[in-house]
Amino acid sequence: ATDEGVFFFPSLTDPYHIDAVRQNFVDSIIKKLHKIRVRQIRYEKDKSLWFSTYSDLGLYVVYTDGTERSFTKKEGLPINRVRFSYRASNNDLWVGTTAGPVLFKEGSFDHPEVFTSESGLSNLFILGATEDHKGTIWLGTDGGGLARFDGQSFKMFTTADGLTGNVVFRILEDASHRFWVSTS
């Protein structure tokens, strides 16, 4: 994924080379996302592809049967500039936008919860997420540090708490439950 859309590089054994239906399916996705800034591609258990875009498509989903769906301001996002999506172990879907995170509880898209500074976030531009071994969600922000969600609100961790930078790109918990945080 790039600022110019997405690219597909099939392996030599990929059915793309011999299956016209698959070829048309893949080519239609590439055409739809041409010249669109794509920030993340995610693969779900149901084999759907989730594209986080900075466009009117917002969070764009393509299902294996060829149907597609977009999650945008119309569906409850604060803005269509989507940085990432993350599926938690309880099936919650977190969507990080440049205007705050959105939580779709247990995979339901009916009542999205949009978090703002009133929720304890010092920066609403969300770059990434992870879930720790206890099921706690952690979000990386673009300048506000690391945010821990307790189910109701966020607690922020910044350089004042020992982070090397307040722009948090990625968060990883290892097998010993230590956090590795990629910062600016």
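Residues numbered from 1 in each chain as written. Predicted model: local features only at pLDDT ≥ 70, side-chain atom pairs only at ≥ 80, totals over all residues. Heavy atoms only, no water.

**Comments concerning the overall build of the protein chain**
For step 1, the next point in the chain: When helices and strands are counted, the protein chain shows one helix and 14 strands.
For step 2, the next point in the chain: For 184 residues, the compact-globule estimate of 2.2 N^0.38 gives 16 Å, and the protein chain sits close to it at 17 Å.
For step 3, the next point in the chain: With the C-alpha coordinates of the protein chain rotated into their principal frame, the extents come out at 55 × 35 × 30 Å.
For step 4, the next point in the chain: Classification of the 184 residues of the protein chain by burial places 42% in the buried group.
For step 5, the next point in the chain: Contacts spanning at least 24 positions in sequence make up 38% of the contacts within the protein chain whose residues lie at least 6 apart.
For step 6, the next point in the chain: Carbon together with sulfur atoms contributes 51% to the accessible area of the protein chain, which is approximately 10100 Å² in total.
For step 7, the next point in the chain: Computing the positive centroid from 21 side-chain charges and the negative centroid from 23, the protein chain places the two 3 Å apart. (Helix = DSSP H or I, 4+ residues; strand = E, 2+ residues; numbered from the N terminus. Rg over C-alpha atoms; globule rule 2.2 N^0.38 Å. Buried < 20%, exposed > 50% of the residue type's maximum accessible area, 1.4 Å probe, protein only. Contact = heavy atoms within 4.5 Å. Areas by Shrake-Rupley, 256 points an atom, 1.4 Å probe, with all protein chains shown as cover. Lys, Arg positive; Asp, Glu negative; His and termini not counted. Charge placed at Lys NZ, Arg CZ, Asp CG, Glu CD.)

**Points about the pattern of salt bridges**
For step 1, the next point in the chain: In this structure the tally under the stated criterion is six salt bridges.
For step 2, the next point in the chain: The partner of aspartate 14 in a salt bridge is arginine 22, with the nearest N and O atoms 2.9 Å apart.
For step 3, the next point in the chain: Using a relative accessible area of 14% as the deciding quantity, one classes aspartate 14 as buried.
For step 4, the next point in the chain: Taking the shortest distance from any N to any O, the salt bridge between aspartate 174 and arginine 178 comes out at 2.9 Å.
For step 5, the next point in the chain: With relative accessibility at 18%, the residue aspartate 174 sits in the buried group.
For step 6, the next point in the chain: Given a relative accessible area of 47%, arginine 178 falls into the partly exposed group. (Salt bridge = Lys/Arg side-chain N within 4 Å of Asp/Glu carboxyl O.)

**Topic: the environment of threonine 72**
For step 1, the next point in the chain: Note on placement: threonine 72 falls in the loop between β4 (68–71) and β5 (82–87).
For step 2, the next point in the chain: Spatially, the C-alpha atom of threonine 72 lies 8.7 Å from that of tyrosine 60, the residues being 12 residues apart in sequence.
For step 3, the next point in the chain: Among residues more than four places away in sequence, those in contact with threonine 72 are Asp56, Leu57, Gly58, Leu77 and Asn80.
For step 4, the next point in the chain: A distance of 2.7 Å separates polar atoms of two side chains, one belonging to threonine 72 and the other to glutamate 75. (Polar contact = N/O pair within 3.5 Å; in protein donor to acceptor, adjacent residues only side chain to side chain.)

**Looking at the sheet that holds strand β6 (residues 93–97)**
For step 1, the next point in the chain: As summarised here, the arrangement of the four strands in space is β5-β6-β7-β8, forming an open sheet in which the pairing is antiparallel. Single-partner strands in this sheet number two, and they are β5 and β8 (113–114).
For step 2, the next point in the chain: One ladder, built from five bridges, connects β5 with β6; its direction is antiparallel. The partner of valine 82 across the bridge, within β6, is threonine 97. (Pairing = 2+ DSSP bridges.)

**What to know about unusual backbone geometry**
For step 1, the next point in the chain: Unlike most non-glycine residues, asparagine 91 shows phi in positive territory, near 80°.
For step 2, the next point in the chain: Note on placement: asparagine 91 falls in the loop between β5 and β6.
For step 3, the next point in the chain: Here the phi dihedral of histidine 177 falls at roughly 65°; this positive angle occurs in a residue that is not glycine.
For step 4, the next point in the chain: In this fold, histidine 177 is placed in the loop between β13 (168–173) and β14 (179–183).

**Let's talk about the pairing of strand β7 (residues 100–104)**
For step 1, the next point in the chain: Of all five residues making up β7, five are buried, and the element is well covered by its neighbours.
For step 2, the next point in the chain: Here five bridges tie β6 to β7, and the two strands are oriented antiparallel to one another. The residue of β7 that forms the bridge with valine 95 is valine 102.
For step 3, the next point in the chain: Alignment of β7 against β8, held across two bridges, turns out to be antiparallel.

**Observations regarding helix α1 (residues 20–32)**
Because each turn of an α-helix spans 3.6 residues, side chains separated by three or four positions end up pointing in the same direction.
For step 1, the next point in the chain: Spanning 13 residues, α1 covers 18 Å between terminal C-alpha atoms, matching the ideal 18 Å at 1.5 Å per step.
For step 2, the next point in the chain: Its side-chain oxygen 2.9 Å from the backbone nitrogen of valine 21, aspartate 19 forms the N-cap of α1. (Expected span 1.5 Å × (residues − 1).)

**Observations concerning the sheet that holds β4**
One key point about sheets: their strands pair by backbone hydrogen bonds, in either a parallel or an antiparallel sense.
For step 1, the next point in the chain: Spatially, the four strands line up as an open sheet ordered β1-β2-β3-β4, and their pairing is antiparallel. Here the strands that pair on one side only, and so sit at the sheet edges, are β1 (38–43) and β4. Taking each pair of neighbouring strands and ignoring which way they run, the sheet shows an average axis angle of 15°.
For step 2, the next point in the chain: Against the sheet, α1 engages β2 (49–53), β3 (59–62) and β4, with an angle of about 170° to β3. (Axes fitted to C-alpha atoms, helices over the stretch in contact; angles between N-to-C directions.)

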